[in-house]
Amino acid sequence: MSPSGYSDASRSISRASSVYFQNSNSSSSARNPLSQSSSSSVFAQHISTSTIESRSAHTPSVASYGATSSRAPTSRPSTRPSTASGRRSRAASASSILGLSDSQSVVCAVSEARGVTPSVGVAFVNVSHGEVVLSQICDNQSYVKTIHKIQMACPSRIIFMASACPPARPSTLYSLIDDLIPEAQIEAFDRSAWSEMAGLEYISTLAFVNDIEPVKVALSGKFYATSSLAAVRAASDYALTYAHVYQVMKYVEGHFNIRFSPHSLRVRYQPSEDTMMIDISAIQSLEIMQNSRTTKSKDCLFGLLNHTATPMGSRMLRSNMLQPPTREDSFISPRHDALAELTTNEEMFREIRKSLKLFHDVEKLLTKLIILPATTDVGFVEEQISQVLMVKSFLESVSGLHKALRPAQSTLLSKVRDLCSPEITIPILGRIRRTIEADVTYMKSPLDLRNQRTFAVKSGINGMLDVARQTYKELTEEVHQHVDELNEACGVAAKLKFDNGRKYWLRIKAADIDDENIPTVLINMVRKKNDVECQTLSLVKLNLRLSDTYNEVVIRSDQVIQDLMVELRREAPHLFRVCESVALVDMISSFAQLATTRDYVRPEITGTLALKAARHPILDKACN
């Protein structure tokens, strides 16, 4: 094939992703494909008794938050993945005694009232998923319930009052946690840091507006849980719970250097009485979460049940397996009714599964959304534009799920359908579309994502932004024109590529280049199998000019995006509830997938335990 033939193919392929480039110049439009026109948890029954799942959490490399600490932190070398900058490891999952799970950061504060029957307050802040769980446990002298609760949450850091830790005489609870949860780092703070009133203020400031009073009612008479939440941020029974709230939030703000937007945090009180307590050794020996021989094998109960299509659904399934809900009227029967409907209505089941495939990890996305920015550099603004585009994609996908749930008759699926109704999602989506182009969406490839960010904000909102984007389009045209001229002059078929490191670069078939007569214009040449990757000096210069122009576009977009982010943060309660609804439907549909393919039947819940024609689920799968 002639070099010119390669050139035409290269141009059409490399420009296929640049759909937002338009040029009013008709002659340019006729020549260039780039100028082609383009259109510029709250259910009646709570959906989960524990959304702090048991998984390994990342421990950032941060300086010790010692302002309120009376001693150096009692810490052990962490086995969790970390980087020098404190950012999360590239690993998408972490392994623990409870199996593979998402890496996440969970901080726990613990305090106790000593007596014959000790009362223990615990507060967990899941920094990765924007959630606070409070609990107060009436335990025994061996603290079985408390240890189990903490093990299920898998915190990376645990905070105690200084009086319960060395150099003072360590309490029994401290000694047990230090021995049984060695992967967590323990730190101590003075009792003055465990403030009941400050914890109450945090709940009033950060919790969803409609959840503030229910949480306060649930925490009445539970001082230890509230004081612990206060601890994570930097003793009568009523004060302990609020003091936990204050301490845990203070610690998070100090160590992670983050602040949450007002009324955007999921705060819930979780009683320990409504869930089944499964011992860690039983979870391991029964291979509930992980195969005992091969950790990555799906030959375990979780692997058998997990047919979820979203990360949120998988996390909810994991949480419900580690701490199964026990209330028949609020949890078990409604879920059985929904499962029965999905297994009998095949068309609705297929439509639900199809709609679930369009969702990203919305739970982590919304957590990033509600964190107030500490800096406003170009990289941060880029990330915020991506977040807005992902929220837009999420809301557009919800309409498909709502449509799929229209035939639903069961109570649970009907409530999910109501929470996903257009009356909730369309107003939020309308606010986004007033600022963001309707046909802009989140993309994964680096070049597509950069172009989407560049043309995300509607034209006409900021005049200087429009000028910068016009310059960006013209420079991109120059890049493609340069490649065309290079192919013609050197007789090669260079393909234009892009990545975040080198920006634009060229790929040429090694067979098209004569080793003894390499074009002098090519620089930075690297041989990769049958291809040669390289650049030219002109291409490097154009990359620099494009980067400067792109940065200016992002900076010009900053104020518009910040205003939109403020509006979206106000909608965080609705967005999180929709997210939890999607996760619940995903988990139920996963059960329906298994029940249909394995011919499982609905159990009858009575006062007698009897099994008829029962079979081991893992062995049954392996044998058949």
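All residue numbers refer to position in the chain's written sequence, counted from 1. Selection of residues for local features in this predicted model requires a pLDDT of at least 70, selection of side-chain atom pairs for listing and counting requires 80 or more, and totals for whole chains, interfaces and linings are taken over all residues. Where side-chain values are given, they derive from all heavy atoms of the structure, hydrogens and water being excluded.

(A) How the structure looks around the overall build of the protein chain. Counting its secondary structure elements, the protein chain contains 22 helices and 14 strands. Among the 624 residues that make up the protein chain, the fraction classed as buried is 54%. Looking at the protein chain as shown, the accessible area adds up to about 27800 Å², and 52% of this sits on carbon and sulfur atoms. Per the convention used, a helix needs a DSSP run of H or I reaching at least four residues, while a strand needs a run of E reaching at least two, with both numbered from the N terminus. The rule is simple: take the accessible area with a 1.4 Å probe, protein chains only, and divide by the maximum for that residue type; under 20% is buried, over 50% is exposed, in between is partly exposed. Per-residue accessibility takes into account occlusion by the displayed protein chains alone, with areas from the Shrake-Rupley method and a 1.4 Å probe.

(B) Representation of the sheet that holds strand β9 (residues 266-269) within the structure. Taken together, the six strands give an open sheet; going across it, the order is β7-β6-β3-β4-β5-β9, and neighbouring strands pair in mixed fashion. Strands with a single pairing partner mark the edges of an open sheet, and in this sheet they are β7 (185-189) and β9. Direction aside, the axes of adjacent strands within the sheet are offset by 20° on average. A pair of strands is labelled paired if DSSP reports no fewer than 2 bridges between them. In terms of strand pairing, strand β3 (residues 106-113) meets strand β4 (residues 119-126) through eight bridges, oriented antiparallel. From the neighbouring strand, Val106 faces β4, where its bridge partner is Asn126. Axis lines are fitted through C-alpha atoms, for helices just across the contact stretch, and the angle between N-to-C directions can take any value from 0 to 180 degrees.

(C) Spotlight on the pairing of β3. For β3, the tally of buried residues reaches eight of eight residues, placing the bulk of the element in the interior. Here β3 shows a buried face lined by Val106, Cys108, Val110 and Glu112 and a second buried face lined by Val107, Ala109, Ser111 and Ala113. Pairing analysis gives three bridges linking β3 to strand β6 (residues 157-161), with the strands arranged parallel. Bridged to Val107 within β6 is Arg157.

(D) Expanded view of the sheet that holds strand β13 (residues 522-528). Reading across from one edge, β11-β12-β14-β13 is the order of the four strands in this open sheet, with antiparallel pairing throughout. Taken across any chain shown, the strands that pair with only one partner, and hence form the sheet edges, are β11 (495-499) and β13. On average, each strand axis in the sheet is tilted by 35° relative to the strand beside it, whichever way the strands run. Residue contacts are defined here by distance: any two heavy atoms, one from each residue, within 4.5 Å place the two residues in contact. In the packing of helix α18 (residues 446-454) onto the sheet, contacts are made with β11 and β12 (503-509), and the angle to β11 comes to roughly 70°.

(E) Expanded view of the pattern of salt bridges. By definition here, a salt bridge exists when the distance from a side-chain nitrogen of Lys or Arg to a carboxyl oxygen of Asp or Glu is within 4 Å. If you walk through the whole model with that rule in mind, you get 28 salt bridges. Two residues, Arg266 and Glu363, come together in a salt bridge whose shortest N-O distance is 3.0 Å. Pair noted here: Arg266 is in strand β9 and Glu363 is in helix α14 (residues 362-370), with a separation of 97 residues, a long-range link. Judged by its relative accessible area of 2%, Arg266 falls in the buried class. Using a relative accessible area of 7% as the deciding quantity, one classes Glu363 as buried. One network of salt bridges, in which partners are shared, links Glu131, Arg266, Arg268, Arg315, Asp361, Glu363 and Glu580.

(F) Focus on helix α5 (residues 196-206). Within α5, burial applies to Ala198, Gly199, Tyr202, Ile203 and Leu206. One face of α5 carries all of its buried residues, which in axial projection span an arc of 145°. Those residues of α5 that are exposed and aimed more than 90 degrees away from the buried face are Met197 and Glu201. What the arc covers is the set of directions going from the helix axis to the C-beta atoms.

(G) Spatial organisation of the confidence of the model for the protein chain. A score from 0 to 100, pLDDT tells how confident the predictor is in each residue. When pLDDT is averaged along the protein chain, the result is 80; 79% of the residues meet or exceed 70. Predicted confidence is poor over residues 1-92, with pLDDT under 50, and the contacts of this stretch with residues over four places away or in other chains come to 240 contacts.

(H) Main features of the packing of aromatic side chains. Any Phe, Tyr or Trp ring, taking Trp's six-membered ring, that has another such ring centre within 6.5 Å forms a pair; planes under 30 degrees apart are called stacked, those over 60 apart edge-to-face, and the others tilted. In total, this model carries six aromatic pairs according to the counting rule given. Seen in terms of ring centroids, Phe189 and Tyr251 are 5.9 Å apart; in terms of plane orientation they differ by 85°. Their pairing is edge-to-face. Just as Phe189 is buried, Tyr251 falls in that class too. When the NZ atom of lysine or the CZ atom of arginine is within 6 Å of a ring's centre and also within 35 degrees of its normal, the charge is said to sit over that ring. The residue whose ring lies beneath Arg450 is Tyr550, and the NZ or CZ to ring-centre distance is 5.5 Å.

(I) Structural context of the packing of helix α15 (residues 378-404) against helix α21 (residues 572-598). Axis separation between α15 and α21 bottoms out at 12 Å; the angle between their running directions is 50°. The orientation of α15 with respect to α21, classified from their angle, is oblique. Two packed elements cross with a definite hand, and for α15 against α21 that hand is left-handed. Counted together, Phe394, Leu395, Val398 and Leu401 of α15 and Leu575, Val578, Cys579, Val582 and Val585 of α21 form the full contact between these two elements. Classification convention: Asp, Glu, Lys, Arg as charged; Ala, Val, Leu, Ile, Met, Phe, Trp, Tyr, Cys, Pro as nonpolar; all other residues, Gly among them, as polar. Tallied by class, the residues present in the contact of α15 with α21 amount to nine nonpolar, no polar and no charged. Relative orientations are named as follows: roughly parallel for angles under 35 degrees, roughly antiparallel for angles over 145 degrees, roughly perpendicular for angles from 65 to 115 degrees, and oblique for any other angle. Should the near helix be turned anticlockwise from the far one by less than a right angle, the crossing is termed left-handed; should it be turned clockwise, right-handed.

(J) Representation of the nonpolar core. Among the buried residues, those of types Ala, Val, Leu, Ile, Met, Phe, Trp, Tyr and Cys that are joined through side-chain atoms within 4.5 Å form a nonpolar core. With 133 residues, the main nonpolar core has Leu134, Met249, Phe260, Ile352, Phe394, Leu401 and Ile436 as its most contacted residues. The greatest single-element share of this core, amounting to 13 residues, is contributed by α21. Where each domain begins and ends is defined by an automated method or by a domain database. Two domains each donate at least three residues to this core, and these are domain 1 (94-241 + 255-269) and domain 2 (288-423 + 570-621). Those residues in contact with Leu401 that sit more than four places away from it in its chain are Ile352, Ser355, Leu356, Phe359, Cys420, Val582 and Val585. Of all hydrophobic cores here, the second largest spans 22 residues; its members include Val106, Ile147, Ile181 and Ala184.

(K) Molecular detail of the environment of Ser397. Within the element layout of this structure, Ser397 appears in helix α15. Residues Ser397 and Leu356, spaced 41 residues apart in sequence, show a C-alpha to C-alpha distance of 8.2 Å. With residues near it in sequence (within four places) discarded, Ser397 still touches Leu358 and Phe359.

(L) Looking closely at the side chain of Thr146. Its location among the elements puts Thr146 in helix α3 (residues 144-153). Polar contact is the term for a pair of N or O atoms within 3.5 Å; when the atoms are in protein, one must be able to donate a hydrogen and the other to accept it, and sequence-neighboring residues count only if both atoms are side-chain atoms. At a separation of 2.7 Å, a polar atom in the side chain of Thr146 contacts the side chain of Asp139. Setting aside its immediate chain neighbours within four residues, Thr146 contacts Val120, Val122, Ile137, Asp139 and Leu173.

(M) Structural view of the state of the cysteines. Cysteine sulfur atoms that come within 2.5 Å of each other are treated as a disulfide pair. Per the counting criterion, the structure on display carries zero disulfides. Cysteine Cys534 is unpaired, with the sulfur of Cys490 as its nearest cysteine sulfur at 9.4 Å. Residue Cys534 is classed as buried on the basis of its relative accessible area of 1%.

(N) Spatial organisation of helix α6 (residues 212-219). Among the residues of α6, Ile212, Val215 and Leu219 are the ones counted as buried. What you see down the axis of α6 is that its buried residues fit within an arc of 70°, all on one side. Of the exposed residues in α6, those oriented more than 90 degrees away from the buried face are Glu213 and Val217.

(O) Here's a closer look at the environment of Ser330. By the element assignment, Ser330 lies in helix α12 (residues 328-344). Among the residues examined, Ser330 registers a relative accessible area of 15% and is labelled buried. In this structure the side chain of Ser330 is engaged in a polar contact, spanning 3.4 Å, whose partner is the side chain of Arg327.

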